[in-house]
Amino acid sequence: MMKKSFLLLSLLMLALSVSAQQYRKSWDFTKWSAETVADLMAGSDWSDIEKANATAPTDLSKDNCFWEVTAMGNANGEVNLTANGNVIKELEGLWYTNTSSRSLAIAVNYQNANASDAAFRDYHGASYLWLGSSKKNYFVIPHVEPGTIIKMGIESHKQTDARGVELYIGRGTSGTKLMAPDGSANVVPTTYQEFEWLVPADATDTPNEDGTFDIQIYNTNGCHIYFITVGEGDEPAVEEAKQVAYVADPATVDEDFAYIFLNSADGVNVTTINAAEAISLDSLQTYDVVAVAPSVKAEDALAPVLRKAVAYQPMLSLNAALAEAWGLVKAVPTTETAVTVAEEEADNKLFTDLDASALELLTEGGLKAVELGEYFAEDKVIAKAGEAVAIHQHNPVRNSYLYLPYDAENLAAANQYELSLLLVNAVNVLADTKAKVTPVVVPSIAQDNQNMATVVTISCGNKEAKVYYTLDGNDPTEASTLYTAPFTLTEPATVKAVAYADGYNASAVASLDVVIKSQAAAPAITAVNNADNTEITLSCATEGVDIYYSYNNIDDQAFAQKYTEPIVLREEPCTIYAFAAGGDYVQSEMSSQAISINSINAQTLRIDTLAHFDANETDWFVDNTENGGTGKASAYYYWGKSAWSYYSTEVDYEETVKDSEGNDSIIYHYKPDAAAVRVVNPNNENGWILKSAGQVLTGELQLTIESKVGNGATGRYAETAEDILGGVPSKGAITFGGKTSGEPYTGAIESTVKFTAPFDVVTYIGNGNGSGAAIMQVEVSADGVTWDSVGVAKMAGTQRYYKKTRVNVEKSGEYYVRLAQVGGSTKAQVYDVYVLNNGEISQAYDPNTGIEGISGSAAEVLRSEVYSLNGMRMNQLQKGLNIIRQYRADGSVKTVKVMK
């Protein structure tokens, strides 16, 4: 019986504990504590650098925290975000579910009023939770009762785009989507709006064991969240009294007006500390704020500890003489009785319930101002007395130091109302900055191996830190060598580094064994000219290395082509570049050699551009809404997102076939529908149109490519080095999408002008499909009706990679040109179609010397065009040989070659 009673009691206690479990219901993202900021800045996962490709913070980003996620969220777990090993209290209770990197920021003071782009100005506030990358499951609000209303304040990060969040029951977006209480769908905002979502009482989703639902926060794109309130929210927290250590001479403290007002203020508990008695910094750090009275002297036993406490413990100073003795300021007596508050500081919490525009602090006498020394040189100057600094703040967001311009003489003449409020406000401001003192981020040591010498670079995530290092294996201290710039070693050594920063403990020691390497020999390039091709062999005198090559001077082995067998070129002359890397060797110098092809000469080379199709935004961001067009420049569906039927309802012919049982069965074949043909003309006539009779075409006009070989990396890379030979794709692509099942592909890019053959057609096409490839055909037509295939454009086997194809049109007469899909899979991404012939540039080609300059007049150059060696029009000079065509005022054209 006892065991049974004990078991029932245990079950009852367990049930009570479960039912009593409370989940947070309110989050305010406009008030990030100094402790949180300190933890974020100390952790290796967080940075004040906003952009992924940036190396330093900007004035805009420097006070804010951007997450360089290394520890991902858990889509199914109960994960509270941490920084420096501590849970971020402002986010505690929201379970983090995003599993993508670098996509979260905490805006502490993101003042964007002066942004050059108006779309990024006029935010609702400067502090918020900033959700980054689009379409991510960010957080879960756990255990929300059915029938509850969830409120949030949200705005788009880019205020010309609608961006925000959607809420779903459960994890991910497969559950019920929450609506507004009236049943309507909440809009996605541009500027700040407050929204309500109702968790339906009759939801059919599977609830938690306690009958509640977890609610997924899913963002549509970069946006800011200012608050979240579930139901009525949490009970307001009862603010505890601030604990203040008032350091003073006990013989005069009872006559000290600052002490008198603080000691009698609500919300402040004051403990008097005798300045003549030494106590530890640890003891001072048990208080929210340390106040230094005017009576403290430099020779007092506690004075050295107080100096150490600056930036390590919130401190209110009423003692310019002490700071002067420390060498931090120069005391400046004034005859001023009022201060002038800096315009940008008028809303500072220091002036709560005070008129910052007319702040008379004394009835007579003068304020004790200061001249800031080197240590305080970058401090926030809040107010001045005349031209001298009256109020300044050091480390505004972490263990701050604040000076007020009182001393033992002028306190007796202080305006009591202003003094009483200013002191309490100062304590509250300082207490909000109290943060655990953490170590500086560990320095990073990197070595750049060169031939028999290594350059060592040391960096630290804390940009204010000073780094010291040693080379003898001993741990460094502040007495070691200060790192100021990269240095070179010619002998192996162990480099150790430590970082120190104001307000932080010393970092852990970083260590790196630096090695010295010799450089691999530059590869030898051997070219053998055969009748219709050139065979290139690469070799290296250094054993144990790999050879890499390109046609555009790529010196990164991750994005150059690895050499495995002789290279055979048939279509285009070029310059090949090669280097050796690997083993225990430094990467070699670059070798290069101009490559000619016997069958290609000044009469057969075709590199003059007759026409060029590229998916540029100016021409192809076409407003076609009257014909179903929709979207934006990044993805514009020219006739909508859905395919339409190629066939009419008119029967063309019937076909009788036998079914599986031998019975006759009739198949009806329908005629093409002439009305199905749709055309898009560019905004500016350029000799090209888009055409389809049922296939979806999309303008992805902001796609950018890499002029590198992918080698398996994710991105829009060339599949092989030969796909970059002569040039790279332009920005933007036309994507060939879906069609009606069972019907033909009909999408095409067609010229509207004819070209005199012979000529070549060069295409750059990417593969947007992860499981197949389109069959894209180059076709020509004499009448624009009957089209003949002249070749098939190559497609990459790797998703997003692109390939280059050159098709020779060996005909006579004039022809239209088109690129059409005739089979395969969807998502061919057409970047460029060139029509090239043998003209002025081609005829200047010399296999021995390359493109020779063509003489022209010295008249003024009106405009210039940049081409690659193979006739591809470029936006700017590329590495290697470039062709510049100059159009001059006298009507002449001069072509020159330039090496970059």
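None of these values were measured; they are calculated from a predicted model.

*Asks:* In this structure, what is going on with the overall build of the chain? I would like to understand it.
*Replies:* On a plain count of helices and strands, the chain comes out with nine helices and 62 strands. Across the 900 residues in the chain, those meeting the buried criterion constitute 49%. Taken as a whole, the chain presents about 41,900 Å² of accessible surface, with 47% of it coming from carbon and sulfur.

*Asks:* Which parts of the structure should I look at to understand the packing of helix H3 (residues 257–264) against helix H7 (residues 416–431)?
*Replies:* Relative orientation and spacing of two packed helices are given, respectively, by the angle between their axes and the distance between those axes. Close contact between H3 and H7 brings their axes to 9 Å; oriented N to C, the two are set at 65°. Judged by the angle between their axes, H3 and H7 are roughly perpendicular. Read as a crossing pair, H3 and H7 show a hand that is right-handed. Between H3, through Phe257, Ala258, Phe261 and Leu262, and H7, the contact on the second element is made entirely by Gln416, Leu419, Ser420, Leu423, Val424 and Val427. Tallied by class, residues from the contact of H3 with H7 come to eight nonpolar, two polar and no charged.

*Asks:* Explanation requested: the pattern of salt bridges in the structure shown.
*Replies:* Side-chain pairs of opposite charge can arise where the charged atoms are in close proximity. In the structure shown here, the tally under the stated rule is 19 salt bridges. Put simply, aspartate 161 and arginine 163 hold a salt bridge, and the shortest N to O gap is 3.4 Å. Given a relative accessible area of 22%, aspartate 161 falls into the partly exposed group. Arginine 163 gets classed as buried once you look at its relative accessible area, which sits at 14%. Salt bridges sharing common partners tie together Glu572, Arg606, Asp760, Lys804, Arg806 and Glu810.

*Asks:* Would you mind going over the environment of proline 573 with me for this structure?
*Replies:* Relative to the helices and strands, proline 573 is located in the loop between strand E38 (567–569) and strand E39 (574–581). Taking the relative accessible area as the measure of exposure, proline 573 reaches 3% and is therefore buried.

*Asks:* Can you help me understand the sheet that holds strand E13 (residues 213–219) in this one?
*Replies:* Read from one edge of the open sheet, four strands run E6-E9-E13-E11, paired in antiparallel fashion. The open sheet has two free edges, formed respectively by strand E6 (95–96) and strand E11 (165–169), since each of these has just one partner strand. Where E11 and E13 come together, five bridges link them in antiparallel fashion. Residue pairing for E13: isoleucine 169 is matched across the bridge by isoleucine 215.

*Asks:* Teacher, can you tell me more about the confidence of the model for the chain here?
*Replies:* Reading predicted coordinates in detail is not appropriate for stretches of low pLDDT. In this model, the chain carries a mean pLDDT of 88, and residues with pLDDT of at least 70 account for 86%. For the stretch residues 1–20, pLDDT sits under 50, and the model shows zero contacts to residues farther than four places along the chain or on other chains. Here residues 68–73 scores under 50 on pLDDT; set against residues more than four positions off or in separate chains, the count is 17 contacts.

*Asks:* Whenever I open this one, the nonpolar core confuses me. Can you help?
*Replies:* Across soluble globular proteins, you tend to see nonpolar side chains buried next to one another. Among the nonpolar cores identified, the biggest contains 47 residues, and Tyr246, Leu316, Phe351, Ile391, Leu404, Tyr406 and Leu423 are the most heavily contacted of them. Within the residue set of this core, elements represented by two or more residues are strand E15 (242–248), H3, strand E16 (268–274), strand E17 (289–292), strand E20 (338–341), strand E23 (380–385), strand E24 (388–394) and H7. Looking at which element gives the most residues to this core, the answer is H7, with nine residues. In this structure, Ile525, Leu569, Ile595 and Val762 belong to the second largest nonpolar core, which totals 45 residues.

*Asks:* I keep staring at the sheet that holds strand E32 (residues 510–514) and nothing clicks. Help me out?
*Replies:* Sheets are built from strands that pair by backbone hydrogen bonding, the pairs being arranged parallel or antiparallel. Taken in spatial order, the four strands make up an open sheet running E29-E28-E31-E32, and their pairing is antiparallel. Each edge of the open sheet is held by one strand with a lone partner, namely strand E29 (481–482) and E32. Sheet topology places strand E28 (residues 466–470) next to strand E31 (residues 493–500); five bridges connect them, and they run antiparallel. By the bridge assignment, tyrosine 468 is partnered in E31 with valine 498.

*Asks:* Quick question: what am I supposed to make of unusual backbone geometry here?
*Replies:* Glycine aside, a negative phi is what most residues show, and trans is what most peptide bonds show. In this model, alanine 757 is joined to proline 758 through a cis peptide bond whose omega is 5°. Relative to the helices and strands, proline 758 is located in strand E52 (residues 755–767). Of note in this structure, asparagine 399 is not a glycine but carries a positive phi near 45°. The backbone phi angle of arginine 800 is positive, close to 80°, even though this residue is not glycine. Structurally, arginine 800 can be placed in the loop between strand E54 (788–793) and strand E55 (802–824).

*Asks:* Explain H3 here, please?
*Replies:* Owing to its 3.6 residues per turn, the α-helix brings residues three or four apart onto one side. Taken together, the buried positions of H3 are Ala258, Tyr259, Phe261 and Leu262. Against E15, E16 and H7 lie the buried residues of H3. For H3, the N-terminal capping position is held by aspartate 256, with its side-chain oxygen 2.9 Å away from the main-chain nitrogen of alanine 258.

*Asks:* Explanation requested: the pairing of E20 in the structure shown.
*Replies:* The side chains of a regular strand alternate, first on one face of the sheet and then on the other. Burial of E20 is one-sided: the residues Val339 and Val341 facing one way are buried, the residues Ala338 and Thr340 facing the other way are not. As defined by bridge partners, E20 adjoins strand E21 (residues 359–360) across two bridges and the pair is classed as antiparallel. Bridge pairing in E21 places valine 339 opposite leucine 359. With two bridges joining them, E20 and E23 adopt antiparallel strand pairing. Its bridge partner lying in E23, valine 341 is registered against alanine 383.

*Asks:* How do you make sense of the packing of aromatic side chains when you look at a structure like this?
*Replies:* Ring pairs (aromatic) are described by centroid distance and by the angle formed between their planes. Here the structure, examined in full by the defined rule, presents 29 aromatic pairs. Look at phenylalanine 559 and tyrosine 717: their rings are 5.2 Å apart centre to centre, the planes differ by 20°, and that puts the pair in the stacked class. Of this pair, phenylalanine 559 sits in the loop between strand E36 (546–550) and strand E37 (561–562) while tyrosine 717 sits in the loop between strand E49 (697–700) and strand E50 (733–736), and the two are 158 residues apart along the sequence. Exposure remark for tyrosine 717: the relative accessible area of 10% places this residue in the buried category. An aromatic cluster is defined as three or more aromatic residues linked by ring pairs; in this entry it consists of Tyr123, Tyr128, Trp130, Tyr192 and Tyr226. Between arginine 307 and the ring centre of tyrosine 375, over which it is positioned, the NZ or CZ distance is 5.0 Å. Taking the ring centre of phenylalanine 559 as reference, the NZ or CZ of lysine 708 above it sits at 4.8 Å.

*Asks:* Explain H7 here, please?
*Replies:* Compared with the 22 Å implied by 1.5 Å per residue over 16 residues, the 22 Å span of H7 between its first and last C-alpha is a close match. Every buried residue of H7 is listed here: Glu418, Leu419, Leu421, Leu422, Leu423, Val424, Asn425, Ala426, Val427, Val429, Leu430 and Ala431.

*Asks:* Looking at this model, I keep getting lost on the side chain of histidine 224. Mind explaining?
*Replies:* Examined against the element boundaries, histidine 224 turns out to sit in strand E14 (residues 223–230). Histidine 224 gets classed as buried once you look at its relative accessible area, which sits at 0%. A polar contact is formed between the side chain of histidine 224 and the side chain of histidine 157, at a distance of 2.9 Å.

*Asks:* Help me understand a nonpolar patch on the surface, please; the structure alone is not making it clear to me.
*Replies:* Where nonpolar side chains cluster on the molecular surface, the patch consists of Tyr647, Val651, Ile666, Tyr668 and Tyr670 and spans about 430 Å² of accessible area. Among the elements of the structure, strand E45 (647–658) and strand E46 (664–672) are those that each provide at least two residues to the nonpolar patch. A per-element tally of the nonpolar patch places E46 first, with three residues. With respect to the secondary-structure elements, tyrosine 670 resides in strand E46. Residue classification places tyrosine 670 among the partly exposed positions, given a relative accessible area of 37%.

*Asks:* Explain the side chain of asparagine 395 to me, please; I cannot follow it from the model alone.
*Replies:* Within the element layout of this structure, asparagine 395 appears in the loop between E24 and strand E25 (401–403). Those residues in contact with asparagine 395 that sit more than four places away from it in its chain are Ala311, Ser400 and Asp502.

*Asks:* So what exactly am I meant to see when it comes to the environment of lysine 89 here?
*Replies:* Position of lysine 89 among the secondary structure elements: in the loop between strand E5 (86–87) and E6. Judged by its relative accessible area of 43%, lysine 89 is partly exposed. Sequence spacing of lysine 89 and tryptophan 27 is 62 residues, and the spatial spacing of their C-alpha atoms is 9.7 Å. In this view, lysine 89 contacts Arg24, Ser33, Glu35 and Thr36; residues no more than four positions away in its chain are not counted.

Cut-off values and rules
- Residues numbered from 1 in each chain as written.
- Predicted model: local features only at pLDDT ≥ 70, side-chain atom pairs only at ≥ 80, totals over all residues.
- Heavy atoms only, no water.
- Helix = DSSP H or I, 4+ residues; strand = E, 2+ residues; numbered from the N terminus.
- Buried < 20%, exposed > 50% of the residue type's maximum accessible area, 1.4 Å probe, protein only.
- Areas by Shrake-Rupley, 256 points an atom, 1.4 Å probe, with all protein chains shown as cover.
- Axes fitted to C-alpha atoms, helices over the stretch in contact; angles between N-to-C directions.
- Parallel < 35°, antiparallel > 145°, perpendicular 65-115°, else oblique.
- Left-handed = near helix turned anticlockwise from the far one by under 90°.
- Contact = heavy atoms within 4.5 Å.
- Nonpolar A, V, L, I, M, F, W, Y, C, P; charged D, E, K, R; others polar.
- Salt bridge = Lys/Arg side-chain N within 4 Å of Asp/Glu carboxyl O.
- Pairing = 2+ DSSP bridges.
- pLDDT = per-residue confidence, 0-100.
- Core = buried A, V, L, I, M, F, W, Y, C linked by side-chain atoms within 4.5 Å.
- Polar contact = N/O pair within 3.5 Å; in protein donor to acceptor, adjacent residues only side chain to side chain.
- Phe/Tyr/Trp six-rings, centres within 6.5 Å; stacked < 30°, edge-to-face > 60°.
- Lys NZ or Arg CZ within 6 Å of the ring centre and 35° of its normal.
- Expected span 1.5 Å × (residues − 1).
- Patch = residues over 30% accessible without salt bridge, like charges linked within 9 Å, V, L, I, M, F, W, Y side chains within 5 Å.

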